[in-house]
Amino acid sequence: MFNKNQKIIFTLSKTCMKKIAFLFISTTFLFQAKAQVNTSLLPASSLMKENSLSPIKETVLPPFNLANAKQADITDANNGELPKFSRSVFTNITLDNSGSWTNLPNGDRIWRLQITSKGAQALLPYYNKFYLPQGATFHVYTPDKDEIIGAFTSDNNPSGGYYATGLIHGESCILEYYEPHEVRGKGIISLNEIGHAYRWVNSYFPKKRTTQNDTLGFQQSDACEVNVNCSEGAAWQNQKRSVVCMIVQSSLGQGACSGSLINTVRQDCTPYMLGAQHCSEGVSANQYSQFLFYFNFESPNCNTPDSIGTLGNEFIAGCTKISDSNDNGGDNGSDFLLLQLNNPPPSAYNVYYAGWSNQNVASDSGVCIHHPAADLKKISTYLTPLVDTTWLTVPHTHWRVQWAATTHGHGVTEGGSSGSPLFNIQGQIVGTLTGGDSYCSTPDEYDYFGKIAYDWTSNGTATNRQLKPWLDPDNTGAISINGRNADCVLGVNEVKADDINLSVLPNPSSGKFALLFETNDEKTLSVYDITGKLLKQSKAAVNDLILNLQSFSNGVYILVAENKNGRATKRLVLNH
């Protein structure tokens, strides 16, 4: 049996190995997302004649030792480490010691620097200090400006200084910082490392618009995979909006996995991202701030487009690790990772927080939505019941799944799918991908997903080894919830003290809830489902009454009681 992290999909068997790729949220009413890149703002130099600007200075990085990188790849495979498509070249580049400044007549100024790492297929700039004052902008672009990332503004400032501005194709890129005279000298840009992509980018990252006869492309997952907007995905259009392609920054280089936004019992749009623990091996606390999450990276229809266009433009940088299984990627646990994005996704991304079930009950059918080979979003379908199993030695940690042939293919999983969510027929996450043996060449082989049921409390007693304290922080005992849009409508999910006193007994209940108020003034009682849909509404002017939900299905509901003084919000758990 191969080491669990040997995943070189073109040359190795995939028997019992994880599917790591070789490369590659609070209410919206309370605050605006600060992570969105303002693509409407062009580099300031684009509005000026080149001869009016100071010549761009170039920093050429030390020669990249490809032989050492290849040897490190072998060592990583032997040690079960995350395979890399890029290795870091460590630098000390700042506004003060590199680049050239152009002073403009009105007192504003522009700083530019070209960075070159000979032979790189792409570059990934990483910052240990990144601060943009109000009105300043920052861009990264190729010398021909065919590819432009930005503008980054003060809204993108990370709290700890560590940041990433995404992958840019080719061996050279230009950094441009525009600073208004009112904030002169306040900006801080410090690059402590540059990722030098030396393999697989041509196969795994979005195609650059170019007339050159190169092999840059994004259509690199295997032919049996099914685009998420084929008919197989028609019933999963909400769930797909939770799934992302995640570029991982680690101490030895860069790789990628899949992940999904996940809902909480509080329904408060906390931007939790669920994935696989083996995708975070070798990652330091600061490096989580340099993770990249690509949303809506999918074909708009069932066909794969000829060019990438703007499909890869929606991304967020930075997260914090909340909890994980701490099990060496499933060796003695369920291989889960829970992150919290440093900023919630912008409303323009139209994301969805997927629901979940922590019941140890095998689903009869469902899907996995994922980014195989870090390609466009795909969907794989299972039509036979999940099987309780193990990854290595600990029993009952994983679900075993066998994929089914469907109208447009026989979707499986590949490198890059690691951490992707497995949904039951109710649209709830029941597992995350550790690995397995399914390929287009062997579509009937099995894959293995760490169970949400095991993640809940079984990987350890500490809160940073469980999902329950984070997804059910009020200890409601919820066994499942559905997903929700990132609107947190009506304010019912805001985390704040109640304006009026209300007690609910019992909760959970088999159908009838006793509501006990401190006053008998008139109140409006509203019951919502977890999507914010109004299900029941009445008025009452008593101290106590019985709320009957016996006709409702099991699940979590939201009760809002309002009077002239304010409101109280309670989460009702119905379990017949």
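Residues numbered from 1 in each chain as written. Predicted model: local features only at pLDDT ≥ 70, side-chain atom pairs only at ≥ 80, totals over all residues. Heavy atoms only, no water.

All right, on to the overall build of the chain then. Helix and strand counts for the chain stand at five helices and 36 strands. For the chain, buried positions account for 60% of its 576 residues. (Helix = DSSP H or I, 4+ residues; strand = E, 2+ residues; numbered from the N terminus. Buried < 20%, exposed > 50% of the residue type's maximum accessible area, 1.4 Å probe, protein only.)

It is generally the case that most residues other than glycine have a negative phi and that most peptide bonds are trans. The residue after Gly 150, namely Ala 151, is reached through a cis peptide bond having omega 10 degrees. Considering the arrangement of structural elements, one finds Ala 151 in strand 7 (residues 148-152). Here the residue pair Asn 507 and Pro 508 is connected by a cis peptide bond, since its omega of 15 degrees sits within 30 degrees of zero. Residue placement: Pro 508 occurs in the loop between strand 30 (502-505) and strand 31 (512-517). Here Lys 145, not a glycine, exhibits a phi torsion of approximately 60 degrees, which is positive. Locating Lys 145 in the fold gives a position in the loop between strand 6 (137-141) and strand 7.

This part takes up the side chain of Ser 260. In this structure, Ser 260 sits in strand 13 (residues 253-262). By relative accessible area, which is 0% here, Ser 260 ends up buried. Non-local contacts of Ser 260, meaning those with residues more than four positions away in its chain, are made with Ser 242, Val 243, Tyr 272, Met 273, Leu 274, Pro 421 and Ile 429. (Contact = heavy atoms within 4.5 Å.)

With that settled, consider the nonpolar core. Ile 115, Tyr 127, Phe 138, Phe 152 and Leu 175 are the most contacted members of the largest nonpolar core, which has 41 residues in total. Take this core: its biggest share by element is six residues, from strand 5 (residues 122-131). (Core = buried A, V, L, I, M, F, W, Y, C linked by side-chain atoms within 4.5 Å.)

Under the defined criterion, the tally for this structure stands at 19 aromatic pairs. Centroid distance Tyr 288 to Phe 291: 5.1 Å. Interplanar angle 40 degrees. Geometry classified as tilted. Classification of Tyr 288 by relative accessible area gives buried; the value is 4%. A relative accessible area of 0% means that Phe 291 is categorised as buried. (Phe/Tyr/Trp six-rings, centres within 6.5 Å; stacked < 30°, edge-to-face > 60°.)

As a further point, take the side chain of Glu 176. Here Glu 176 is to be found in strand 10 (residues 172-179). Buried within the structure, Glu 176 lacks any salt-bridge partner; its nearest side chain of opposite charge belongs to Arg 112, at an N-O separation of 4.9 Å. (Lys, Arg positive; Asp, Glu negative; His and termini not counted. Salt bridge = Lys/Arg side-chain N within 4 Å of Asp/Glu carboxyl O.)

Within the chain, residue pLDDT values average 85, and 86% of them lie at 70 or more. Considering only residues more than four positions removed or in separate chains, one finds that residues 1-17, a stretch of pLDDT under 50, has 60 contacts. Across residues 203-217, confidence stays below pLDDT 50; counting only partners more than four residues off in sequence or on other chains, it has 44 contacts. (pLDDT = per-residue confidence, 0-100.)

Moving on, we come to the pairing of strand 6. Of all five residues that make up strand 6, five are buried, and the element is covered over most of its length. With burial as the criterion, each face of strand 6 is covered, one bearing Thr 137, His 139 and Tyr 141 and the other bearing Phe 138 and Val 140. Across five bridges, strand 6 lies against strand 10 in antiparallel orientation. Residue pairing for strand 10: Phe 138 is matched across the bridge by Tyr 177. Two elements, strand 6 and strand 7, share three bridges in a ladder whose sense is antiparallel. Of the residues in strand 7, the one forming a bridge with Phe 138 is Phe 152. (Pairing = 2+ DSSP bridges.)

Time to look at the state of the cysteines. Applying the stated criterion across every chain, the model contains three disulfides. Residue Cys 224 pairs covalently with Cys 440 via a disulfide, S to S 1.9 Å. Measuring handedness by torsion sign, the sulfur bridge of Cys 224 and Cys 440 sits at about -85 degrees and is left-handed. In this pair, Cys 224 is assigned in the loop between helix 2 (201-204) and strand 12 (243-250) and Cys 440 in the loop between strand 26 (428-436) and strand 27 (446-451), connecting sequence segments 216 residues apart. Two residues share a disulfide in this structure: Cys 230 and Cys 302, whose sulfurs sit 1.9 Å from each other. Linking Cys 230 and Cys 302, the disulfide has an S-S dihedral of approximately 90 degrees and is accordingly described as right-handed. With Cys 230 in the loop between helix 2 and strand 12 and Cys 302 in the loop between strand 15 (292-295) and strand 16 (315-317), the pair connects residues that are 72 residues apart, well separated along the chain. In this structure Cys 245 is a free cysteine whose sulfur lies 9.0 Å from that of Cys 257, the closest cysteine sulfur available. Judged by its relative accessible area of 0%, Cys 245 falls in the buried class. (Disulfide = S-S within 2.5 Å.)

Look at Cys 302 and you get partly exposed, because its relative accessible area is 25%. Sequence separation between Cys 302 and Val 228 is 74 residues, and the spatial gap between their C-alpha atoms is 7.3 Å. Residues within four places of Cys 302 in sequence aside, it is in contact with Asn 227, Asn 229, Cys 230 and His 408.

We now examine the pairing of strand 15. On a regular strand, one side chain projects to one face of the sheet and the next to the other, so that they alternate. What you see with strand 15 is no split at all: Leu 292 and Tyr 294 on one side and Phe 293 and Phe 295 on the other are buried throughout. Summarising the sheet, strand 12 and strand 15 pair through four bridges and their orientation is antiparallel. Residue pairing in the sheet places Cys 245 in a bridge with Tyr 294 of strand 15. In terms of strand pairing, strand 15 meets strand 16 through three bridges, oriented antiparallel.

On to the environment of Val 504. Position of Val 504 among the secondary structure elements: in strand 30. The spacing of Val 504 and Ile 546 is 42 residues in sequence and 9.6 Å in space, taken between C-alpha atoms. Discounting chain neighbours no more than four positions away, the residues touching Val 504 are Phe 513, Ala 514, Leu 515, Lys 570 and Leu 572.

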